[in-house]
Structure formats: structure tokens, C-alpha cells
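Report on the structure
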Amino acid sequence: MNRKDRRAQEKAQEKAKARTSPTVKISAVAEALKAQGMALKAAGKEAQAIPLLIEALKADATLADVHFTLAMMARGKADLKIDMDAINRAVANKKLLCTSYLVILNILKGKKQYREAMVCQEELCRLMPDDMDEKANLALLYNLAGQREKALIALAEIIAVKPEEKKYRGVFLNILGPVTLQQHEPLLKLTLQGCFDNIYEANLNKAYALWIKLVISDPECSDLQEAERLIEQADFENWIDNHHPRDLNFLHCRFFLDGLRLMILNDVVLEQFLTRLRRWICLNAEKIANTSQIEALENFICALGEQCFFNEYIFAQTPEEEEAVETLIRLLQNRSASGPSRLQTCAIVSCYKPLIDVFPDNATEFSELAANHPAFKNLVAAQFNAPAEEREIKSRLESFGFLEDDTSRKVQQQYEEHPYPRWISINNYPTPNDDLPFAPDLRFKPYKILVAGCGTGRHAISTAACYPNARVTAIDLSRTSLAYAQRKANESGLANRLRFLHADILSMKEWDGRFDIIESSGVLHHMQDPFKGWQTLNDLLVTGGYFKVGLYSELARQQIVEARNFVAQGGYPATDAGIRQCRSDILSLPRDNPMRQKLISFTDFFSTSLLRDLIFHVQEHRMTLPQIDDMMKRLNLTCISLNMTIPEIVNRYDKMFPQDLARCNLLNWHEFEQKFPDTFAGMYQFWCKKIA
Ligand SMILES: C[S@@+](CC[C@H](N)C(=O)[O-])C[C@H]1O[C@@H](n2cnc3c(N)ncnc32)[C@H](O)[C@@H]1O
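The structure displayed is predicted, hence computed values, not measured ones. (Residues numbered from 1 in each chain as written. Predicted model: local features only at pLDDT ≥ 70, side-chain atom pairs only at ≥ 80, totals over all residues. Heavy atoms only, no water.)

Some words on the pairing of strand 8 (residues 684-690)
In terms of residue burial, strand 8 counts as a mostly covered element, since five of its seven residues are buried. Judged from the five bridges that link them, strand 7 (residues 637-642) and strand 8 form a sheet pairing that is antiparallel. Following the sheet pairing, Ser641 is matched in strand 8 by Trp687. (Buried < 20%, exposed > 50% of the residue type's maximum accessible area, 1.4 Å probe, protein only. Helix = DSSP H or I, 4+ residues; strand = E, 2+ residues; numbered from the N terminus. Pairing = 2+ DSSP bridges.)

Observations concerning the environment of Ala316
Relative to the helices and strands, Ala316 is located in the loop between helix 18 (292-310) and helix 19 (319-333). Classification of Ala316 by relative accessible area gives partly exposed; the value is 29%. Spatially, the C-alpha atom of Ala316 lies 6.2 Å from that of Arg580, the residues being 264 residues apart in sequence. Dropping the residues within four chain positions of it, Ala316 is found in contact with Thr275, Arg278, Glu321, Arg580 and Ser584. (Contact = heavy atoms within 4.5 Å.)

Quick notes on empty space enclosed by the protein
Applying the stated criterion across every chain yields a total of one cavity of 30 Å³ or more. By volume, the largest cavity amounts to about 30 Å³. Along its surface, the largest cavity is lined by Arg278, Ile281, Cys282, Ile301, Leu304, Ile348, Cys351 and Tyr352. By residue number, the principal contributor to the lining of the largest cavity is helix 16 (residues 268-283), which donates three residues. Each residue belonging to the lining of the largest cavity can be placed in one class, and the counts come to seven nonpolar, no polar and one charged. (1 Å grid on protein atoms, 1.4 Å probe; cavity = no way out; pocket = protein on both sides within 12 Å on 5 of 7 lines; lining within 4 Å. Points joined across faces, edges and corners; volume = space filled by probe spheres on them. Nonpolar A, V, L, I, M, F, W, Y, C, P; charged D, E, K, R; others polar.)

Here's the deal with the packing of aromatic side chains
Going through the model one piece at a time under the given rule, you end up with 25 aromatic pairs. Ring geometry for Phe366 versus Phe384: centroids 5.3 Å apart, planes at 65°, classification edge-to-face. Of this pair, Phe366 sits in helix 22 (residues 363-370) while Phe384 sits in helix 23 (residues 374-394); the two residues are 18 residues apart in sequence, bridging distant segments of the chain. Of the residues examined, Phe384 reaches a relative accessible area of 5% and is grouped as buried. Chaining the aromatic ring pairs together yields one cluster made of Tyr653, Phe657, Trp669, Phe672, Phe676, Phe680, Tyr684 and Phe686. When the ring centre of Tyr484 is taken as origin, the NZ or CZ atom of Arg487, which lies over that ring, is 5.0 Å away. Above the ring of Tyr552, the side-chain terminus of Arg557 is found at 3.5 Å from the ring centroid. (Phe/Tyr/Trp six-rings, centres within 6.5 Å; stacked < 30°, edge-to-face > 60°. Lys NZ or Arg CZ within 6 Å of the ring centre and 35° of its normal.)

Topic: the nonpolar core
Across soluble globular proteins, nonpolar side chains have a tendency to be buried as a group. Residues Phe172, Leu192, Trp211, Phe256, Phe273, Phe300 and Ile615 are the most contacted members of the largest nonpolar core, which totals 129 residues. The greatest single-element share of this core, amounting to 10 residues, is contributed by helix 18. If sequence neighbours within four positions are ignored, Ile615 has contacts with Ile560, Ala563, Arg564, Val567, Cys582, Ile586 and Leu599. Grouped together as the second largest cluster of nonpolar side chains are 44 residues, Leu524, Phe531, Met631 and Leu637 included. (Core = buried A, V, L, I, M, F, W, Y, C linked by side-chain atoms within 4.5 Å.)

Digging into the site of the ligand
Around the ligand sit 18 residues in total, of which Gly453, Asp476, Asp504, Ile505 and Ser521 are the nearest. Separating a nitrogen atom of the ligand from a backbone N or O atom of Gly453 is a distance of 2.8 Å. Isolated, the ligand exposes 590 Å² of accessible area, and the fraction of that covered by the protein chains is 95%. Looking at which element gives the most residues to the shell around the ligand, the answer is helix 24 (residues 406-417), with three residues. For the shell around the ligand, the residue count by class is 10 nonpolar, five polar and three charged. (Near = heavy atom within 4 Å. Polar contact = N/O pair within 3.5 Å; in protein donor to acceptor, adjacent residues only side chain to side chain. Areas by Shrake-Rupley, 256 points an atom, 1.4 Å probe, with all protein chains shown as cover.)

Observations regarding the pattern of salt bridges
Going through the model one piece at a time under the given rule, you end up with 30 salt bridges. Note that Lys189 is salt-bridged to Asp218, the shortest N-O span being 2.7 Å. With a gap of 29 residues between them, Lys189 in helix 11 (residues 186-197) and Asp218 in the loop between helix 12 (208-217) and helix 13 (227-231) connect regions that are remote in the sequence. Since its relative accessible area comes to 2%, Asp218 is described here as buried. With a shortest N-O distance of 2.8 Å, Glu271 and Arg583 are connected by a salt bridge. Residue Glu271 is located in helix 16, and its partner Arg583 is located in helix 29 (residues 576-587); the two are separated by 312 residues in the primary sequence. Ionic contacts of the salt-bridge type, sharing partners, join the residues Asp197, Arg254, Asp258, Arg261 and Glu306 into one network. (Salt bridge = Lys/Arg side-chain N within 4 Å of Asp/Glu carboxyl O.)

Right under this line is the structure:
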């Protein structure tokens with residue numbers, strides 16, 4: 001500081017002291033300090049400007065532009081104490097203060113200082129008690145700070161006040177994950193039921209963990225608490241014989257039945273219990289026909305039929321059941337079952353085979369039976385109407401180019417037989433995690449986007465929802481998957497901005513046109529040469545364009561490699577029956593077997609196409625982060641964001657690498673992964689930018 005500056009500072013501080021004098025107006029002192037501080041800042045002398053600006057705030061806490069300037073100067077500095085001091089002293093004008101809080105909050109969030117941001121956000125919520133967006137932001141911060149239950153309850157409270165605001169349900173579902181509930185939380189149940197009632201708005205993908213906790217603790221499902229004990233017992237049949245289904249509360253609990261319809265079960269105990277119950281119903285179908293027992297079971301059987309279709313008939317079945325189902329089918333074909341028992345018999349069959357496969361010509365009958373039966377109507381919609389529509393769409397899909405190599409042909413066959421994945425809902429109300437996390441403003445540009453390897457379309461449709469002015473081209477090898485995707489796009493109302501094409505990534509070298517964004521998640525590692533596939537796509541990306549890629553981790557998939565060997569050694573065919581058999585054998589391993597433990601922790605273990613993808617895949621490459629780093633360099637791509645949204649992992653990484661604010665240094669992550677090899681159990685997911 002030169003002499004002139006020092007003099008200026010002393011003068012300003014003298015003025016500040018004078019604010020206690022009644023003869024000097026406080027605002028005049030503040031204004032003088034502010035002018036002085038601003039001038040120093042303009043001259044690039046931030047270190048001198050800061051104390052003056054803080055003094056100005058002490059004199060007048062309502063100077064929003066001073067808050068703003070301080071906050072801006074704090075950007076990029078590790079120590080944010082000055083902002084917090086300023087905040088803590090600023091108490092006068094609420095409206096102006098809010099501006100300052102908002103600015104500072106953004107900076108704190110940018111610096112990943114979630115706990116400090118939480119304090120600031122709580123203050124903001126106190127100042128703006130009616131602003132639900134700010135309350136939702138607070139909930140998001142709780143979640144980022146690792147307090148998921150608190151976050152969920154805060155969001156549930158907002159949703160209770162504003163049930164018509166769909167976005168809050170989207171946020172609620174988006175932050176779901178493993179939860180520990182001390183007790184049953186009726187408010188969370190009510191909120192999740194609201195999500196079930198509005199499934200086309202938001203993604204239920206992560207809802208299972210909360211649902212099962214709520215079900216187990218729910219007084220309305222208390223009879224289910226016997227499940228664990230019962231599956232261990234040989235006398236399951238006695239138990240069910242001795243309990244009239246009318247009296248078993250979970251069979252009539254809407255929350256339980258909706259969960260069964262809308263989410264793939266992810267829980268071995270519940271699965272085994274339902275498998276036994278299904279067997280009992282199937283083997284006793286003729287005995288209980290036309291009784292009050294089957295009547296009381298009707299809605300449950302329809303919901304179970306939806307579950308079985310959704311998980312692609314992955315529950316274990318015995319030869320007796322298979323025989324009994326064939327008998328029931330014959331009965332129906334001979335029209336021996338009539339009236340309600342016909343509906344009930346169809347519902348039982350649907351728990352083993354899709355209605356469309358068994359009765360492809362019975363559309364009229366199903367619609368008549370469904371007319372006055374909401375549960376059967378849902379079942380017919382899922383198992384008959386939707387697949388019928390897909391078959392029709394499949395016959396008129398567009399194609400581009402040819403399948404280029406043998407691997408493409410094998411991979412195509414896999415996904416024709418088992419399109420991946422079967423899904424119900426996406427998030428139509430994107431939150432910052434869903435779009436370009438580093439530049440949310442770009443979301444509204446009229447981008448051209450390519451989704452390469454779109455499967456059944458969940459990803460491509462989410463992308464179309466996320467970028468409201470974009471046009472999305474989505475390609476895949478599997479026509480069956482594409483037909484599913486097109487049907488879901490029609491249902492979502494976004495079909496006019498989506499184009500689904502049957503094409504091999506490799507044939508896209510002939511494509512005439514460029515894309516601003518390309519996304520390819522879980523695809524390149526299924527090609528014969530992933531780098532060649534990546535390069536072909538990268539050539540279609542404009543310079544400055546964004547590439548989102550998802551690739552398997554070598555480190556995280558060690559137990560999957562073991563499971564793949566188990567499949568190879570066991571010689572299990574990749575058919576429904578082969579996959580079921582392999583799965584039963586895995587479940588029969590001792591409970592502490594590490595491979596068994598690992599596999600049952602994957603959602604993919606609980607549906608046929610997902611499990612085939614996980615451990616039966618015809619082609620799989622796994623990679624390390626240094627290898628990916630190298631590929632990115634060769635492709636002139638720079639990693640700008642690594643999609644890691646699990647707060648526990650993020651917080652751990654921040655502690656290990658506090659300087660890497662963008663969290664996208666792949667070599668740091670490599671070090672981290674070696675220490676915590678499960679980090680990328682799903683996949684590595686990156687956003688990259690093409691630099692030349
Ligand atoms: C595991 S699935 C992922 C689907 C989707 N990206 C998702 O995340 O839901 C892999 C998909 O990539 C497709 N695929 C694999 N190789 C491909 C290629 N060479 N060209 C086009 N699609 C390909 C498969 O047909 C399959 O649908």
C-alpha cells in the first residue's frame with residue numbers, strides 16, 4: 001500500500017469512527033466508505049478495498065451493491081470469512097439483504113461449502129418464509145450435506161403446501177437414495193403416493209429404497225412383517241391356508257400395490273415371499289376359483305402381474321407351476337373359465353407370461369373385461385396394449401446405413417431379445433443435476449443432439465425434456481428397443497422433437513450433418529473397438545460441442561467379472577429360463593459370499609434384461625481413468641464435469657482434493673478410486689468439451 005492509499009484508508013476509517021457521533025449521518029459515513037472502497041477495487045486494489053467495504057456495511061447493512069461487490073471479490077478465494085462477517089452484520093433491510101444472501105449463497109455452493117451455505121440459506125428462508133423455491137434449495141443443501149432424510153421431509157412439507165407444483169415432486173424423487181428411517185413417516189408415504197399418482201411427471205427409479213422402508217414400517221402392511229420369517233419356513237402353505245386374504249392387510253394397501261406395479265422390486269426377501277405367494281395362487285387356482293379367497297386376491301394378482309412383466313419374469317418358477325399355467329391357458333382357450341373367474345385366471349397367467357404372447361387376438365375381450373376393473377385395466381395396458389403398439393411401430397421404423405461388424409450383429413441380437421431397460425417414467429422437470437451441470441443457461445438453446453445407443457429411449461426422452469428447444473436424434477442397433485422408445489416418446493408428448501433411427505454407430509461416419517451435443521451412455525464399451533466408436537461420434541461433434549459419455553470401470557467391476565466367469569463356467573444360456581436358473585444358483589450361495597452380496601446390491605439383479613446386460617453380455621470392455629484420460633486427449637476432448645451426485649462420495653473427494661473445485665481431474669479420481677474401488681460401481685459418467 002503506498003502512502004496515498006494508506007492516507008485514504010485512514011481517512012475513511014476516521015469517518016467510520018465518526019458514525020457514533022450524532023452530528024454525522026450514518027448513511028453519509030457508509031457512502032463515503034463505500035465510495036472509497038469501490039474506487040480502490042476499481043483500481044485493482046482488492047486487499048485494501050475489502051476492509052473499507054466491510055466498514056461500510058457496518059455503518060449501513062442495507063448496501064446491497066456492497067454485499068454484491070464483496071461477494072464477487074470473494075469468488076475464487078479460498079477464505080470466505082469476509083462474506084460471512086458481512087452477512088452476520090447485515091441485519092437491517094430484509095429485501096436488500098436477500099440479494100446479498102443469494103449472491104453469497106451461489107458462491108458458497110460453487111465452492112462446495114454446503115454447510116456454510118446451509119446456514120446462509122436458512123437465514124434466507126427466514127427472511128422469505130413464503131418462498132417455496134428457497135425452501136426447496138435448503139432441502140437440496142441438506143441433501144448435499146449428507147442429510148437426506150431431513151431433505152426429504154423438508155420437500156414433503158413443501159409439496160403438502162403446493163401439491164400443484166410438479167417440480168417439487170421431481171426434486172423429491174431426484175434426491176432419493178438409501179435412507180434410514182427411525183420410524184414410519186406418514187408424510188413421506190403421502191408424498192410418495194402422490195408421485196405414484198403422477199407417474200408421467202417424475203422418475204421413480206430411485207424411489208425403491210424409501211418405498212420399502214415405508215412399507216415395512218407401515219401399520220397398513222403389518223402382516224408383511226411376517227415375510228422374512230415365513231420364507232424360512234416350510235409351512236408357508238399352512239400359513240396362507242390359515243389366513244383369509246381378506247384379512248391380510250398388505251394385499252389391500254394401495255401404497256404397497258402401487259409400488260409393486262410401478263417399480264422393479266429390489267429386495268430378495270420380499271421377492272422370495274411374493275414368489276411363494278404366487279406359487280400358492282397358481283397351484284390352487286382351480287381350487288379357489290369362484291371363492292371369496294380369489295376375489296380378495298384379485299387386485300393383488302393384477303399388481304403382481306404388472307411387477308412380473310416389468311421384471312421380465314425373473315422370479316423363480318417350479319416345473320409344477322409351469323404345468324399349472326399351461327393348464328390354465330388351455331382352460332381359457334377352451335373358454336371353460338367365464339365371468340369373473342376368467343378375469344382372475346388371465347391375471348394369474350399374466351404373472352408367468354405376457355398376455356400379448358398368450359392371447360394375441362383377444363384385444364376385444366380384454367378391453368371388455370377391463371372396462372369395470374381398474375386393476376385389470378392397468379394390467380392390460382401394460383401387458384397387451386403397450387406391446388401391441390410397439391409391434392406396430394417396429395414395422396415402420398426408419399433405418400440408416402448397415403450393421404458394420406460381427407460384434408454389432410451379436411449385440412443387436414441380445415437387445416432384440418431383451419431390450420434394455422423396461423421403464424415407466426422419466427423426470428420431466430429437470431433439476432440442475434440433469435442438464436449441463438456446468439452451464440445451465442445453455443439448456444434453452446436450439447441444439448441438435450445425438451443420443452447414440454439410446455436403447456429403449458429413457459435417456460433420449462429425458463434429454464428432450466431437459467433441453468426444451470432441442471431436436472434429438474436417437475440411434476440404436478435394436479429395433480425392439482427403438483419401438484419401445486418411440487411408444488414412450490409418443491406418450492411423453494415430446495415425439496415431435498425426437499427422431500428414432502435404426503443405425504450402427506459405426507455407420508454414422510456417413511452421416512451428413514453435425515451435432516452440438518452427443519450423449520452415449522453405457523454403449524461404447526459394448527463395441528468391438530470402443531475408441532473407434534467414440535472417434536466416429538466425435539467426428540460428428542462441432543468444435544466447442546459437448547460430449548456426455550458413460551463407460552465401465554475396470555476397478556469397480558471386479559466382482560462382475562467373477563460373476564461373468566460363474567455364468568461361463570455354469571454354461572447358462574442367455575434365455576429367460578437360463579438367466580432365472582443362474583440367478584437361483586447365485587441366490588443359493590451362502591449369504592456372506594462376496595459375489596452374491598455384490599450382485600444383490602445392484603438393481604440390475606432384479607430384472608431379466610438388466611441382469612443379462614450385467615453378467616451375460618456378449619461384449620464388454622472395462623477401462624481405467626488414465627486410459628480414458630488418454631482417449632480424451634487423442635480425441636481433443638477435455639473433461640469438464642464428472643457426474644457424481646452421491647453426496648457421501650462427493651464430500652469424501654472434496655476432503656481429499658480440496659483444490660479440484662470442478663471435481664473433474666481424472667487422475668485425482670483414479671487415486672480416489674483405488675482407495676474406494678466401489679465408487680463407480682454403475683459407470684464413469686463424464687461431460688467433455690471438444691476443444692479443436
Ligand atoms: C446398455 S444399453 C444402454 C441404453 C441406453 N443408453 C441407456 O442408458 O438406457 C446399450 C445400448 O447400446 C446399443 N448399442 C450397442 N452397440 C451399438 C452400436 N454399435 N450402434 C448403435 N447402438 C449400439 C445397444 O443396442 C443397446 O440398446
